[in-house]
Amino acid sequence: MSAPTTSPAAGSGGPTGSVNRRALPGSAFLAAARGETPAQLPVWFMRQAGRSLPEYRQVRQGTGMLESCLTPDLACEITLQPVRRYGVDAAILFSDIVVPLKVAGIGVDIVSGTGPVIEAPVRTSADVAALPRLDPEGVAPVAEAVGLLVRELGSTPLIGFAGAPFTLASYLVEGGPSRNHERTKALMHAEPDTWHALLDHLADLTLTFLRAQVDAGVDAVQLFDSWAGALSERDYRALVMPHSAKVLAGLADAGVPRVHFGVGTGELLTAMGEAGADVVGVDWRVPLDEATRRVGPGRALQGNLDPAVLFAGPDVVEREVHRIVDEGRAAPGHVMNLGHGVLPETDPDALARVVDLVHALPVR
């Protein structure tokens, strides 16, 4: 790919210092994220660089997930794979929600078939007080991967990645993935001071992690709150939203769009819209025209094809894509995406067909 033009960076500091940010005036993704009307409807897929791609499985063979995320040339290659294959309108940095925990010095591993497992769960005020801070220098491998990518991506924007404080807290408190989040909810309600101290710490950690990516040159950021759908709106507003808002506000001067996404968060969309993102991601459970009403004015939407529909055949996929694009026209801007990540057994050709179809449809 050709070298991009650059413009002054929106932020400085962190492990890489001041950088030049790429000027991407033709980016459909960035235009839609700003609520503008792009030349074509942008599309990318959450978890587009992953287990559904044979080239991903080949390049990652014998390398653990966290090691892959923290090996700059490998993370760069994996991030580029779906851009080459599909021609999507944005790349998302290959990473994992628990990477900032790992580089901060917290004992965590990703166990095949289980997911992230925490060596010493955090369940008391003393545990919270003992948590290490994230030194921006620890993010250097991630920043290096971003630097490699912005030189390779040409006119394709790069989205930075981080997990939201609540989702990180859930892993830390439960010790790993949880169906009911019972220990997390117990801590939230029984020891609110300890809970808020934990989320405040994690908000700082997340902001440091994202800021390093911004300083290295990403063109947008996405904050994933994977488990927020387990909460009522009342609990979300009182116990979680202020900490996500702290992260998003801490990036307000960065000059890049901020996307906020959660799974099963239909009842939280109004609050998530108020948390400070420029784009709110919507899973497949809520139609985008209704999501537009819930989120409120001035924010673009991202989503929301059910990933399982990709297994239903081309005719069904085409029908659903048309429906979602029609519903998305109610929003100030729409970035076509799935309602969650690409499932591992997805046929890559099905995703390629979605990209071609979306690009052929009128924007408005």
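In what follows, the structure referred to is the one given above.
By convention here, each chain's residues receive numbers from 1 onward along its written sequence. Given that this is a predicted model, residues contribute local features only at a pLDDT of at least 70 and side-chain atom pairs are listed and counted only at 80 or more, while totals for whole chains, interfaces and linings are drawn from all residues. As a rule here, side-chain values come from all non-hydrogen atoms in the structure, and water together with hydrogens is ignored.

Quick look at the packing of helix H4 (residues 72-86) against helix H7 (residues 140-152) now. Axis definition: a line fitted to C-alpha atoms, limited for helices to the stretch in contact. Angles are taken between N-to-C directions and run from 0 to 180 degrees. Note on conventions: DSSP H or I runs of at least 4 residues are helices, E runs of at least 2 residues are strands, and numbering of each starts at the N terminus. In contact at an axis separation of 8 Å, H4 and H7 are set at 45° when each is read in the N-to-C sense. In terms of orientation, H4 lies oblique with respect to H7. Here the hand of the crossing between H4 and H7 comes out right-handed. Residues Pro72, Asp73, Ala75, Cys76, Thr79 and Leu80 of H4 lie in contact with H7, whose contacting residues are Pro141, Glu144, Ala145, Leu148, Leu149 and Glu152. Here the residues of the contact of H4 with H7 sort into eight nonpolar, one polar and three charged. We call two directions roughly parallel when the angle between them is under 35 degrees, roughly antiparallel when it is over 145, roughly perpendicular when it lies between 65 and 115, and oblique otherwise. Should the near helix be turned anticlockwise from the far one by less than a right angle, the crossing is left-handed, and should it be turned clockwise, the crossing is right-handed. Any two residues whose heavy atoms approach within 4.5 Å at even a single point are treated as in contact. In this classification, the charged set is Asp, Glu, Lys and Arg, the nonpolar set is Ala, Val, Leu, Ile, Met, Phe, Trp, Tyr, Cys and Pro, and all remaining amino acids, among them Gly, are polar.

Moving on, we come to the side chain of His201. Mapped onto the secondary structure, His201 falls in helix H10 (residues 192-216). The contact partners of His201, leaving out residues within four places of it in the chain, are Leu131, Pro132 and Arg133.

Attention now moves to the nonpolar core. If you look at the biggest cluster of nonpolar residues, it comprises 124 residues, and the most contacted ones within it are Leu101, Trp195, Leu198 and Val321. Per-element tally for this core: the top contributor is H10, with 12 residues. Not counting residues within four places of it along the chain, the set of residues in contact with Val321 comprises Leu305, Met336, Val354, Leu357, Val358 and Leu361. We define the nonpolar core as a collection of buried residues of types Ala, Val, Leu, Ile, Met, Phe, Trp, Tyr and Cys that are connected through side-chain atoms lying within 4.5 Å of one another. Exposure is judged per residue with a 1.4 Å probe applied to protein chains only, and the accessible area is read against the type maximum: over 50% gives exposed, under 20% gives buried, and values in between give partly exposed.

Another point: the pattern of salt bridges. Here, a salt bridge means any side-chain nitrogen of Lys or Arg that lies within 4 Å of a carboxyl oxygen of Asp or Glu. Evaluation of the coordinates by the stated rule reveals 19 salt bridges. Of the charged contacts in the structure, one is a salt bridge between Asp253 and Arg211, with a shortest N-O distance of 2.7 Å. Remark: Arg211 occurs in helix H10 and Asp253 occurs in the loop between helix H12 (241-249) and strand S8 (258-262); sequence separation between them is 42 residues. Bridged by salt links that share partners, the residues Arg133, Asp200, Asp204 and Lys246 form one connected network.

Our focus in this paragraph is the pairing of strand S5 (residues 115-118). Paired strands are those between which DSSP finds at least two bridges. Note that strand S4 (residues 108-111) and S5 share four bridges and pair antiparallel. Bridge pairing in S5 places Val108 opposite Ile118. The loop that links S4 with its antiparallel partner S5 comprises three residues; one of these, Gly113, has a positive phi angle of about 85°.

A few words now on helix H16 (residues 348-360). In this scheme, a helix's expected span is set at 1.5 Å multiplied by one less than its residue total. The terminal C-alpha atoms of H16, which comprises 13 residues, lie 19 Å apart, in line with the 18 Å expected from a rise of 1.5 Å per residue. For H16, the set of buried residues is Pro348, Ala350, Leu351, Val354, Val355, Leu357 and Val358. On its buried side, H16 packs onto helix H2 (54-59), H4, strand S10 (300-305), helix H15 (314-328) and strand S11 (334-338). A side-chain oxygen of the first residue of H16 lies 2.9 Å from the backbone nitrogen of Asp349; this N-cap is Asp347. Pairs of N or O atoms within 3.5 Å make up the polar contacts considered here, provided that, within protein, one atom can donate a hydrogen while the other can accept it, and that residues adjacent in sequence are counted only when both atoms are side-chain atoms.

On to the state of the cysteines. Cysteine sulfurs are considered disulfide-paired once they come within 2.5 Å of each other. Throughout the structure, instances matching the rule amount to zero disulfides. Between Cys69, a free cysteine, and Cys76, which holds the nearest cysteine sulfur, the sulfur-to-sulfur gap is 13 Å. A relative accessible area of 3% places Cys69 in the buried class.

Taking 1.5 Å of rise per residue, 13 residues should cover 18 Å, and H7 covers 19 Å from first to last C-alpha, within 8% of that figure. All of the buried residues along H7 are Val142, Ala143, Ala145, Val146, Gly147, Leu149 and Val150. Along its buried surface, H7 packs onto strand S2 (20-22), H4, helix H5 (99-104), strand S6 (158-163) and H10.

In this model, Gly303 is joined to Asn304 through a cis peptide bond whose omega is 0°. Topologically, Asn304 is positioned in strand S10. The backbone phi angle of Arg47 is positive, close to 60°, even though this residue is not glycine. Mapping Arg47 onto the fold places it in the loop between helix H1 (28-33) and H2. Accessibility expressed as a relative area gives 37% for Arg47, which makes it partly exposed. At His181, a residue that is not glycine, the phi angle is positive and equals roughly 55°. Topologically, His181 is positioned in the loop between helix H8 (165-174) and helix H9 (182-190). Assessed through its relative accessible area of 3%, His181 is described here as buried.

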